[in-house]
Amino acid sequence: MRTSKELYTFVILCCSSLYAFSQSDTSHTLRSVEVKAVHLETLSSRAAMPVTVINRKTLEMMGSRRLDEVMREQTGIAIVNDVSAGSRAIGMQLQGFSSDYILILIDGQPMIGRNAGNFDLSRITVSDIERIEIVKGASSSLFGSEALGGVVNIITRQHIDAAQGQAIVRYGSQQTQDLTLEGETPFADKRGTLNLSGNFYHTDGYNVNSFLSKGATAPPYNSYSLQGRMRYQLNEQHSLHIAGRWALRNSINESVYSSSQVANTTRDVLHENDMNAAVVWQANLHKGWQLKSQYYLTRYSTTQDVSTGKSNQLSSNDFTQYYHRFEEQVQYVASNQLSFAGGVGGNMEVMDGNDLKSEYAYLQGDWKVTERLSSRLGVRYDHSDFYGGRLNPSAGLKFSLTEKLSLTAAFGTGYKTPDFQKRYQVFTNPQAGYTVLGVEEVATQIAAMQAAGLISEVRPVAKDISAALKPEMAVSYNVGISYTPVQKIRIDVNGFYNQLHNFINTVQIATRTNFQPVYSYINLDRSFTGGVEAGITTHVIKGLDVSAGYQLLYAKDRGVMEAIREGTYPYNKIRDNKTGDTRASKVSDYIGLENRSRHMLNLRVFYEYAPWGISATFRANYKSRSGYDDANNNRFLDTYDTFIDAYCLVYASVEKKFCKGHLAVQVTADNLMNYTDMLMPGQPGRILMAGLKWRMFKQ
Amino acid sequence: MAITITNMYKRTQWQCLAFIVLLAVACKKDDNNVTKLNYEDGVSTVIYDLAGDTEASVADGVEGKEKRPFRSFYFKLSTKLQSWDSSHTFKQSNNWDLAFTDIYNALVYVNNGSAEGPGKGGSGKGMIIAVDSAYSKVTTAPDEAAFEKANLRFAGWDGYPQPYNTGWYFYSLNTHLAIPIKNRTFIIRTADGKYGKLELINVYQGNPPAVTDLFWPAPYFTFRYFIQEDGSHNLKTP
């Protein structure tokens, strides 16, 4: 019954969009007010690996509020919960790489603050974003450590021509409120520009767990953010930019589990404080030389406490992290065929009394060899006090066979130094009871625990732990074809393969007298992710963009494959949980890493009919089933384990502009079919929103 | 040219829309994937959410919560009585059949007076063996000799501390949660020497099909059992 209702909604939507298509044939020319597309020279746009760009207009048409909402609709990206790190651990996965390996940048500078490696993108508002660039694949040659699996560069609004202001009010399901106020103006005869914006966001969260009588699986929160930017042209050569961002998030989530007259309350409180500031001095010197000197500071602090209704504390996770960076960048345009960008810099990271210094230098050249062949070569050297030096090269080639067909090939390496946690952590999980020790704590902690009579067995592998952890390494390859059969229709097909070496994994080093394991970290397995990404974009009819994207993904751990091949316990067996029968396992039984869908598909229809000031979007996202957890105790994902079912989420939005573009009314529907799954705690059901935008500008 | 492109394009458009509809039909809502199983068969006893020692903590430095070993509790199958009495007299009596011990009370012993365990030195005749089969398909208890040979003494973490220690749950290395093993049934002998079968179903409150929260309340036991009161080996249930 439900399905038929949904089907009707669909038919209606389809009909209305078809009606819209037929309308577009008789187009008038009326000026539409939209944000001017500006060309920004950014580092990520110079990456050898493929770059996806989401522009302001797309963001506005989608009506998304938070960054995670935008990202989850992109090809090859998934937002997944990390259940092992608590209900607030949620991160973005790119080409099968987990959030740990994806670097998040704001105007080219790294953002910090992760929960067990997961960067929760919902702490960033979309309101101030000019565009988003996504680099897929290892790109440490430009961005350094952490950019092992990819980079998301958030570019805030930079170019200001005229004074204007904007107020946005949105309200909808789950008491969601999104308020934005922003203003920008040139000053001093357009020598300077100033931009200020503020945003408030509230959500009641969303619950998809039917065992909860109260509370939410996607936690409720209030978020406040303030951003400001100033740019001043000192003279013809020199200009100064100052940018700052401050964001605060508070969240209280009280969950009540009720069953058979038992009610248990858990209270989870989070305070999060996030600050970024940058000062950039830019000099355009003679003959194509440009110099950029910058200082960047970011601070992130969080306190998170989980307690039961009996005021028992279950876990607390409090830390403050600082990150400083000085960088001197040089750009040189030698000719139309040849340009260079290079830089040197230093970072200092401080977290709860531990600090880590590192220095780096990079150089990249773009060379248009012939009309048909262009190349891009880059190299970066990073040096950290603790991990020593490392060189990361990257290379990209583009060859145009014909006007319609071009081929690309790219190669890059990435590396990631182990974080503080993996070195210094001493943690016992109060629920499961296991202990995790950072590698530098192993010797002393094990000795202390043995002295206290808490250890029943120390495994031989514990001796190997004392050796320093090696940084994780990735090598990425990408080959692609871009084909334009007719004007305004483009087909891209990319094959990618990422090899991860020295993958840091937990390993059991000892057993406590209470049977619980003690873990530490070791460079153990080699994983890989590989697949194909394909996309088609079309804009034949004026105002209408139809596009589709697909990703095929294989992500596996070679260590698991080897263990199965060698018959190592417990990988050597596979139990059919339906019959209870157990047999020997084969490598082909291994499906891959958890939480990764083999097939991901998205379809988007964006339509704008300028004469009426109407725009609408319709998006559908499909993900095939993905593994949730082991169910038959062999530590690898096979067909008898627990899976998140295949699903598809549908999004739609409609906007109408009034008063010569000053006023706009927008209605959005996220997850229109209200699809939820208990195994995806962070994915909310249907969210309907209505919004009002008022723009002030001179005609 | 323009017309051909437009026509071709419109056709593509139709195909796209048909595709979206197909996708939408394919994605029906499935009520949170929660399938609540019915364990009642008319003759077996089903225990829901029997609270274990929910006040204990295994972690160091957890404020407000007592860091101490989990207090064991004892369960008499025929009377459905839970007891926290850990005196020697009680432990060595036949007033219990199952002892829920250790971490999360999930290490389950039978009451046996002549083997290592809480009932040692008492008069209990308890034994336990595992069968990888659905509960309803386990219809007879083996003879004495076979029972003695396969006796596990306890059922806890599967494959731990040794691979041959068959258990009823395991810890996932991925989520660090306890996961019960489906369609594994234990054939038991009670303290009094009667045969029966036991299915330990879950340690988490409400018996969820999968646990999605690290702080899901535990230990709350869901289990079912059938005891053949006539003393025979017949364990048939509907």
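Everything numeric here is computed off the predicted structure, so don't read it as measured data.

**Q** Please provide a residue-by-residue account of the overall build of chain B, values included.
**A** Along its length, chain B carries 3 helices and 14 strands. Of all 238 residues assigned to chain B, the portion counted as buried reaches 43%.

**Q** Would you mind going over the overall build of chain A in detail, with residue names and values included?
**A** Each helix and strand counted, chain A has 8 helices and 37 strands in total. Its C-alpha atoms give chain A principal-axis dimensions of about 80 × 65 × 50 Å. Residues classed as buried in chain A amount to 45% of the 699 residues present.

**Q** Describe in detail the sheet that holds strand β14 (residues 220-227) of chain B, supporting the description with residues and values.
**A** Residues and elements named next belong to chain B. Spatially, β1-β14-β13-β12-β8 is the arrangement adopted by the 5 strands of the open sheet, whose pairing is antiparallel. What marks the edges here is a single partner per strand, and that holds for β1 (45-51) and β8 (127-131). Across the sheet, the mean angle separating the axes of adjacent strands is 25° when strand polarity is ignored. As judged from the 4 bridges shared by strand β12 (residues 185-189) and strand β13 (residues 195-202), these two strands associate in the antiparallel manner. Paired with phenylalanine 186 across the bridge in β13 is leucine 198.

**Q** Report on helix α8 (residues 558-566) of chain A, specifying residues and quantitative values.
**A** All names here are of chain A. Three or more residues of α8 are buried, namely Val560, Ala563 and Ile564. Seen along its axis, α8 keeps its buried residues to an arc of 100°; they face one direction. Of the surrounding elements, those touching the buried residues of α8 are β28 (544-557). Downstream of α8 by one or two residues, glycine 567 has phi in the positive range, about 75°.

**Q** Explain the confidence of the model for chain A residue by residue, including any values.
**A** Residues and elements named next belong to chain A. Summing up the model confidence of chain A, the mean pLDDT is 88 and the portion of residues at 70 or higher is 92%. The element-level mean pLDDT for chain A is lowest in helix α1 (residues 2-24), coming to 38, with strand β36 (residues 663-670) highest at 97. Confidence drops under pLDDT 50 across residues 1-40; counting only partners more than four residues distant or on other chains, this segment forms 42 contacts.

**Q** Lay out the nonpolar core with the relevant residues and their values.
**A** Counting 74 residues, the largest nonpolar core has A:Val70, A:Met92, A:Ile102, A:Leu105, A:Val152, A:Ile154 and A:Val650 as its most contacted members. Here this core gets 7 residues from one element, more than from any other, and that element is strand β31 (residues 599-609) of chain A. Apart from the residues within four sequence positions on either side, A:Ile102 is in contact with A:Met92, A:Leu94, A:Phe97, A:Gly149, A:Gly150 and A:Val152. Core analysis: the second largest hydrophobic core is formed by 56 residues, B:Leu107, B:Tyr135, B:Leu198 and B:Phe221 among them.

**Q** Describe the pairing of strand β8 (residues 164-172) of chain A, and please don't skip the residues or the numbers.
**A** Residues and elements named next belong to chain A. The pairing of β8 with strand β9 (residues 176-187) spans 9 bridges and is antiparallel. By the bridge assignment for β9, glutamine 166 is matched with glutamate 182. Direction of pairing for β8 relative to strand β37 (residues 687-697): antiparallel, over a ladder of 9 bridges. When the sheet's bridge partners are listed, isoleucine 168 is paired in β37 with lysine 693.

**Q** Please give an account of the sheet that holds strand β5 (residues 109-110) of chain A that cites residues and values.
**A** All names here are of chain A. Spatial ordering of the open sheet is given by β1-β6-β7-β4-β5, a layout of 5 strands whose pairing is mixed. Strand pairing shows two members of the sheet lacking a second neighbour, β1 (51-55) and β5, which therefore form its edges. Two strands pair when backbone bridges link them, and β1 and strand β6 (residues 129-136) are joined in this way by 5 bridges, in the antiparallel orientation. The partner of valine 51 across the bridge, within β6, is valine 135.

**Q** An account of unusual backbone geometry is requested, with residue identities and associated values reported.
**A** In this structure, the amide linkage connecting A:Tyr569 to the following residue, A:Pro570, adopts the cis form with an omega of 0°. Positionally, A:Pro570 belongs in the loop between α8 and β29 (573-575). Note that the residue after B:Ala218, namely B:Pro219, is joined by a cis bond; omega there is -5°. Along the chain, the position of B:Pro219 falls in the loop between β13 and β14. With a phi close to 55°, A:Asn502 is a non-glycine residue in the positive phi region. Along the chain, A:Asn502 turns up in strand β26 (residues 489-512). Its 19 C-beta neighbours within 10 Å are what place A:Asn502 among the partly exposed residues.

**Q** Describe the confidence of the model for chain B, with residues and values.
**A** All names here are of chain B. Per-residue confidence for chain B averages 86 on the pLDDT scale, and 80% of its residues sit at or above 70. Long-range and interchain partners of residues 61-65, a stretch whose pLDDT sits below 50, account for 11 contacts in this model, where long-range means more than four residues apart. Note on the complex model: pTM 0.88, ipTM 0.87.

**Q** Can you explain the environment of A:Val83? Please cite residues and give values.
**A** The residue A:Val83 is located in the loop between β2 (77-81) and β3 (90-94) in this model. Along the sequence, A:Val83 and A:Glu328 sit 245 residues apart, while their C-alpha atoms lie 41 Å from each other. With residues near it in sequence (within four places) discarded, A:Val83 still touches B:Thr175, B:Thr212 and B:Leu214.

**Q** How would you sum up the pairing of strand β10 (residues 192-203) of chain A? Please name residues and give values.
**A** Residues and elements named next belong to chain A. Across the two faces of β10 the burial differs, with Thr193, Asn195, Ser197, Asn199, Tyr201 and Thr203 buried and Gly192, Leu194, Leu196, Gly198, Phe200 and His202 not buried at all. Note that β9 and β10 share 11 bridges and pair antiparallel. Counterpart to glutamate 182 in the pairing with β10 is serine 197. If you look at the hairpin formed by β9 and β10, you'll find 4 residues sitting between the two strands, and alanine 188 has a positive phi there, around 50°. The pairing of β10 with strand β12 (residues 221-233) spans 12 bridges and is antiparallel. Among the inter-strand pairings, asparagine 199 is bridged to a residue of β12, identified as serine 225.

**Q** Which residues make up the environment of A:Ala138, and what values go with them?
**A** Residues and elements named next belong to chain A. Topologically, alanine 138 is positioned in the loop between β6 and α4 (140-143). When the 34 C-beta atoms within 10 Å are taken as the criterion, alanine 138 is described as buried. For the pair formed by alanine 138 and methionine 600, sequence separation is 462 residues and the distance between their alpha carbons is 21 Å. Beyond its immediate chain neighbours, meaning those up to four positions away, alanine 138 contacts Leu148, Gly149, Gly412, Thr413, Gly414, Ala474, Val475, Ser476 and Asn498.

**Q** Quick one: what's the story with the environment of A:Lys698, residue by residue and with numbers?
**A** All names here are of chain A. Position of lysine 698 among the secondary structure elements: in the segment after β37. Exposure remark for lysine 698: the 6 C-beta atoms within 10 Å place this residue in the exposed category. When the C-alpha atoms of lysine 698 and histidine 662 are compared, they prove to be 10.0 Å apart, with 36 residues separating the residues in sequence.

Calculation notes
- Residues numbered from 1 in each chain as written.
- Chains lettered and ligands numbered in written order.
- Predicted model: local features only at pLDDT ≥ 70, side-chain atom pairs only at ≥ 80, totals over all residues.
- Helix = DSSP H or I, 4+ residues; strand = E, 2+ residues; numbered from the N terminus.
- Buried ≥ 20, exposed ≤ 12 C-beta atoms within 10 Å, placed from the backbone.
- Pairing = 2+ DSSP bridges.
- Axes fitted to C-alpha atoms, helices over the stretch in contact; angles between N-to-C directions.
- Arc of directions from axis to C-beta.
- Contact = placed C-beta atoms within 7 Å.
- pLDDT = per-residue confidence, 0-100.
- Core = buried A, V, L, I, M, F, W, Y, C linked by C-beta atoms within 7 Å.

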